[in-house]
Amino acid sequence: MQARLTELNENEILLYLGYRGQDYPAELEAQIRRCEEKVSAAAQPRLIWRRIPVDGAYFEALALEGKDIRELLSGCQEAVLMAVTLGQGIDRLLTRSSVSNMADAVIMDACASTAIENVADNFEQDLRREVEAEGAYLTDRFSPGYGDLPLSAQKQLCAALDTERKIGLSLSTSMLMIPGKSVSAIMGISDKPKALRKRGCESCSLFCSCMYRKEGRNCHGG
C-alpha cells in the first residue's frame, strides 16, 4: 500500500484560512490554486504502517495512556499503527515562502495541512477496503495529542514503526514531528462494526485547554 496524494479539497484549505462559508475574492482563489500547485510539486508523501494484535506483548509495551484509546480499541482484535509525512521539501518551501511572500506562505501552510490529511485519509480508505474484504471492520483513526491520548505517545509510535529510518520522520524534544507536515495515528480492526467518531477540534475533550488551538493550529499536522 502506497502513500497517495490526490486532488486537494479547496473547502478544507479555506477552513484552515479561517473562512467559514463567507464570500472571498476571486484573486484569493487564484492564489490558492497557485500555492496548491507549488505544495503538490514539493510534496514527497511517504507512509509506514503495521498491524499488531491488541492482546499481544508488543502492543502492551506501547503503554498507551488514556480512556479514549481504550474506548477506540474496545472489542478490536488488532491495532494498526501508521505514520505519514509530506517530506522535508514542504518544510523548505514554507520557510522560503515565509521570507519572500508571507501571504503565499500562509496559504501554502493551509494547502500543506490539507495535503497531509489527504494522504492520511487516502491510506485509511485503502486500508478500510482491504480490511472489509477480509470480513472485518476498521475504526477511524486517533492521533497522539487528541483527546486524552498524550502527545508523548508519538515517541512510542515512531519507535514502533522505525519512522526515522523508514520514512525520514523524527521528533523534536517537545514531541512535535519533523518534517512538520506529518501525522501518526492508531486504528483498530474488529469483527463487528463500530460507530465512527466525529472529527475535528470541537469534539475533542481537550478543546477548551488545547495549546495548539490557542496558537491557531491542531494536533494533526496543521
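Residues numbered from 1 in each chain as written. Predicted model: local features only at pLDDT ≥ 70, side-chain atom pairs only at ≥ 80, totals over all residues. Heavy atoms only, no water.

Draft legend 1. Seen up close, the overall build of the protein chain. Of regular secondary structure, the protein chain possesses nine helices and six strands. In the protein chain, which comprises 222 residues, the share counted as buried stands at 47%. As displayed, the protein chain offers around 11400 Å² of accessible surface, 51% of which is attributable to carbon and sulfur atoms. (Helix = DSSP H or I, 4+ residues; strand = E, 2+ residues; numbered from the N terminus. Buried < 20%, exposed > 50% of the residue type's maximum accessible area, 1.4 Å probe, protein only. Areas by Shrake-Rupley, 256 points an atom, 1.4 Å probe, with all protein chains shown as cover.)

Draft legend 2. Just the confidence of the model for the protein chain, in detail. Residues with a pLDDT of 70 or more make up 88% of the protein chain, whose mean pLDDT is 89. A low-confidence stretch, residues 205-209 stays under pLDDT 50, and its non-local contacts, those more than four residues away or across chains, total 10 contacts. (pLDDT = per-residue confidence, 0-100. Contact = heavy atoms within 4.5 Å.)

Draft legend 3. Seen up close, helix α6 (residues 102-133). Taking 1.5 Å per residue as the helical rise, α6 with its 32 residues ought to reach 46 Å, and the 47 Å between its terminal C-alpha atoms agrees with that figure. Backbone nitrogen of A103 and a side-chain oxygen of the N-cap are separated by 3.2 Å at the start of α6; the cap is N101. (Expected span 1.5 Å × (residues − 1). Polar contact = N/O pair within 3.5 Å; in protein donor to acceptor, adjacent residues only side chain to side chain.)

Draft legend 4. Seen up close, the environment of D162. Relative to the assigned elements, D162 resides in the loop between α7 (153-161) and α8 (163-167). Spatially, the C-alpha atom of D162 lies 9.9 Å from that of W49, the residues being 113 residues apart in sequence.

Draft legend 5. Summary view of the pairing of strand β6 (residues 182-190). Of all the nine residues making up β6, nine are buried; the element is thus mostly covered by neighbouring parts of the structure. Along β6, one buried face is formed by S182, S184, I186, G188 and S190 and the opposite face, lined by V183, A185, M187 and I189, is buried too. Here strand β2 (residues 76-85) pairs with β6 via nine bridges, running antiparallel. Across the sheet, V84 pairs through a bridge with V183, a residue of β6. The pairing of strand β3 (residues 137-138) with β6 spans two bridges and is antiparallel. Directly across from L138, in β6, lies its bridge partner I189. (Pairing = 2+ DSSP bridges.)

Draft legend 6. The arrangement of the sheet that holds β2 in detail. Taking strand neighbours across the sheet as the criterion, the four strands line up as β1-β2-β6-β3 in an open arrangement whose pairing is antiparallel. Because the sheet does not close on itself, it has two edges, and the strands there are β1 (46-53) and β3. The pairing of β1 with β2 spans eight bridges and is classified as antiparallel. Paired with R46 across the bridge in β2 is T85. On top of the sheet, α7 reaches β1, β2 and β6; it is set at about 90° to β2, its chief contact. (Axes fitted to C-alpha atoms, helices over the stretch in contact; angles between N-to-C directions.)

Draft legend 7. Fine view of the nonpolar core. Core analysis: the largest hydrophobic core is formed by 34 residues, its most contacted members being V39, V84 and L86. Broken down by secondary-structure element, the contributors of at least two residues to this core are α1 (10-16), α2 (26-42), β2, α5 (88-100), α6 and β6. Aside from chain neighbours lying at most four places away, what touches L86 is A43, Q44, P45, A112, A115, I116, V119 and K181. By size, the runner-up hydrophobic cluster in this structure holds 25 residues, among which are I48, F59, C76 and A160. (Core = buried A, V, L, I, M, F, W, Y, C linked by side-chain atoms within 4.5 Å.)

Draft legend 8. The arrangement of the side chain of T114 in detail. With respect to the secondary-structure elements, T114 resides in helix α6. Here T114 falls in the buried class, since its relative accessible area comes to 1%. At 3.0 Å, the side chain of T114 and the backbone oxygen of A110 are in polar contact. If near-sequence neighbours (up to four positions away) are discounted, T114 is found in contact with L8, N9, E12, I13 and Y16.

Draft legend 9. Region of the structure containing the pattern of salt bridges. For the structure on display, the rule yields 15 salt bridges. The salt bridge involving D126 is made with R4; its shortest N-O contact spans 3.0 Å. Here D126 is found in helix α6, whereas its partner R4 is found in the segment before α1, with 122 residues between them in sequence. Here R4 falls in the partly exposed class, since its relative accessible area comes to 31%. A salt bridge links D104 to R34, with the shortest nitrogen-to-oxygen separation between them at 2.8 Å. Residue D104 is located in helix α6, and its partner R34 is located in helix α2; the two are separated by 70 residues in the primary sequence. On the basis of relative accessible area, R34 is assigned to the partly exposed category, the value being 36%. When salt bridges that share partners are traced, they join E117, D121, E124, R128 and R141 into one network. (Salt bridge = Lys/Arg side-chain N within 4 Å of Asp/Glu carboxyl O.)

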